[in-house]
Amino acid sequence: MAGWPADWWRRIGDVRYHERCMSEATAAVRSMTPRLERVRARLGEERLDALVLLNAENRRYVTGFTGSAGIAVVLPERSHLIVDFRYVEQAREEAPEFSPVRVSNLLEGLAAFLREAGARRVGFEAETVTVAQLRRLRELAADVELVPLQGLDRMRWRKDPQEIARISRAAQIAAAAFVEILPLVRPGVVERDLALELEYRMRRLGADGAAFDAIVASGPRSALPHGRASGRAIGPGDLVTVDWGAVVQGYHSDSTRTLVVGRASGEQRQLYRLVREAQEAALAGLRPGMTGKEADALARQRIAAAGYGDHFGHGLGHGVGLAVHEGPTLSPREEAVLEPEVVVTVEPGIYLPGWGGVRVEDLVVLREGGAEVFPGAPQELLEV
């Protein structure tokens, strides 16, 4: 019975468990309808006969289809999923509002479908479709006007309660796995081994997988904001930055903690305190209605005032959902206004080449009253 849920015996006879599964499936189908309506509204705004979605996250968001290949086509009165033979049945099950169209080649099938549907003006995701794909589509459907559309991913920025619940569950699993591996952090442990153990624990606790390859960067390598786990052995007195996340039903979490192996030095404590104070200032000040630029400044001003502005080179945060990095961003260049129910990271950091770095990252959902922090690992400086 290896790999079975620990409570499998209860679940088999638990009618309420099966009812809950059916209820969740029904809710998922219902949630697709308003999303599809928003896409159809874009058809009218842009005077389109059809809109095609190739981006995996946009496709899943609108259709519910989780397959790795397919093209969603939305027309004013009907919607379809263009798939090959591998995904016909899966498309029927997961995307009941989208009739599957079986093809042997996706782009050729799309072009043929658009011609048969009489679509003359067709929108597509400007950020997703490659130059080669666009050239091929123009060859296959010369009489179709292909219209590049910017920012279709913005429909995913605001999260519904089901999405927030999945992100919260992913955050809970990630935090629990991190706490489990803390006793393993000691001199001599290799960064890569720690990252593998963290992913294993998340999966064991119920994650579908890791949100991304975990960052475990120790000693001077902790000054690398995206320093992937390496073959370096952790040493006494090292700062260790761990950036990791879990995936639950397609939704991601993203967290970072920085810890010290042994007793922290005065400088390590000072830098950690500054980063935490910057994060606390951001968490206290985040509100719907401000721009991403204004949100970024909440933490950046504090770090700059302490003389470390040049060592905080990335934005304060980014959106999280079906993609681990999505909009909106909290950065000095983001003019978009933050809305309620947006999920973003808050992750100030200071990085000193040759010495090390400190970053603390938590997930929040913006409510009318401010930022609500998702469950996470302890935020105090951990000495292990």
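One can find the structure itself at the top, above this paragraph.
Just so it is clear, the model here is predicted, and its values are computed rather than measured.

**Q** Can you help me understand the layout of surface pockets in this one?
**A** One number sums up the size of the second largest pocket: a volume of about 290 Å³. Residue lining of the second largest pocket: 19 residues in total, with His226, His314, His318, His325 and Glu347 positioned closest to the centre. Residues of the lining of the second largest pocket, tallied by class, amount to four nonpolar, eight polar and seven charged.

**Q** Explanation requested: the packing of aromatic side chains in the structure shown.
**A** Geometry of an aromatic ring pair is reported as the spacing of the ring centres plus the angle between the planes. Enumeration according to the criterion identifies two aromatic pairs in this entry. Pairing Phe65 with Tyr87 gives two aromatic rings, centres 5.7 Å apart and planes at 85 degrees, and the pair type is edge-to-face. In this pair, Phe65 is assigned in the loop between helix H3 (56-63) and strand E2 (71-74) and Tyr87 in the loop between strand E3 (79-83) and helix H4 (88-94), connecting sequence segments 22 residues apart. Of the two residues, Phe65 and Tyr87, neither departs from the other in class, the shared state being buried. Directly above the ring of Tyr61 sits Arg35, whose terminal nitrogen or CZ lies 4.0 Å from the centroid.

**Q** Help me understand the pairing of E3 in this model?
**A** Successive side chains on a regular strand alternate, one facing one side of the sheet and the next facing the other. With five of its five residues buried, E3 lies for the most part within the structure. Going residue by residue along E3, you find Ser79, Leu81 and Val83 tucked away on one face and His80 and Ile82 tucked away on the opposite face as well. Note that E2 and E3 share four bridges and pair antiparallel. Within E3, the residue paired with Val74 across the bridge is Ser79. Hairpin connection from E2 to E3: four residues lie between these consecutive antiparallel strands.

**Q** Mind showing me how you'd approach the sheet that holds strand E7 (residues 209-210) here?
**A** Note on sheets: strands pair through backbone hydrogen bonds, and any given pair is parallel or antiparallel. An order of E7-E10-E11 is seen for the three strands of this open sheet, with the pairing classed as antiparallel. Two strands bound the open sheet, and with one partner strand each, they are E7 and strand E11 (251-252). Bridging between strand E10 (residues 246-248) and E11 involves two bridges; their strand directions are antiparallel. Residue pairing across strands places Val248 opposite Tyr251, the latter belonging to E11.

**Q** Just checking my understanding: could you explain the pattern of salt bridges for this structure?
**A** Opposite charge on two side chains permits pairing when their charged atoms draw close. Under the criterion given, the structure shown has 28 salt bridges. Among the salt bridges present, the one from Asp143 reaches Arg120, with a minimum N-O distance of 3.8 Å. Taken as a pair, Asp143 in the loop between helix H6 (131-140) and strand E6 (145-149) and Arg120 in the loop between helix H5 (106-117) and strand E5 (121-125) lie far apart in primary sequence, 23 residues in all. Residue Asp143 is classed as partly exposed on the basis of its relative accessible area of 43%. A network of salt bridges, in which partner residues are shared, links Glu180, Glu197, Arg201 and Arg204.

Conventions and cut-offs
- Residues numbered from 1 in each chain as written.
- Predicted model: local features only at pLDDT ≥ 70, side-chain atom pairs only at ≥ 80, totals over all residues.
- Heavy atoms only, no water.
- 1 Å grid on protein atoms, 1.4 Å probe; cavity = no way out; pocket = protein on both sides within 12 Å on 5 of 7 lines; lining within 4 Å.
- Points joined across faces, edges and corners; volume = space filled by probe spheres on them.
- Nonpolar A, V, L, I, M, F, W, Y, C, P; charged D, E, K, R; others polar.
- Phe/Tyr/Trp six-rings, centres within 6.5 Å; stacked < 30°, edge-to-face > 60°.
- Helix = DSSP H or I, 4+ residues; strand = E, 2+ residues; numbered from the N terminus.
- Buried < 20%, exposed > 50% of the residue type's maximum accessible area, 1.4 Å probe, protein only.
- Lys NZ or Arg CZ within 6 Å of the ring centre and 35° of its normal.
- Pairing = 2+ DSSP bridges.
- Salt bridge = Lys/Arg side-chain N within 4 Å of Asp/Glu carboxyl O.

No statement about biological role is implied by the geometric values presented.
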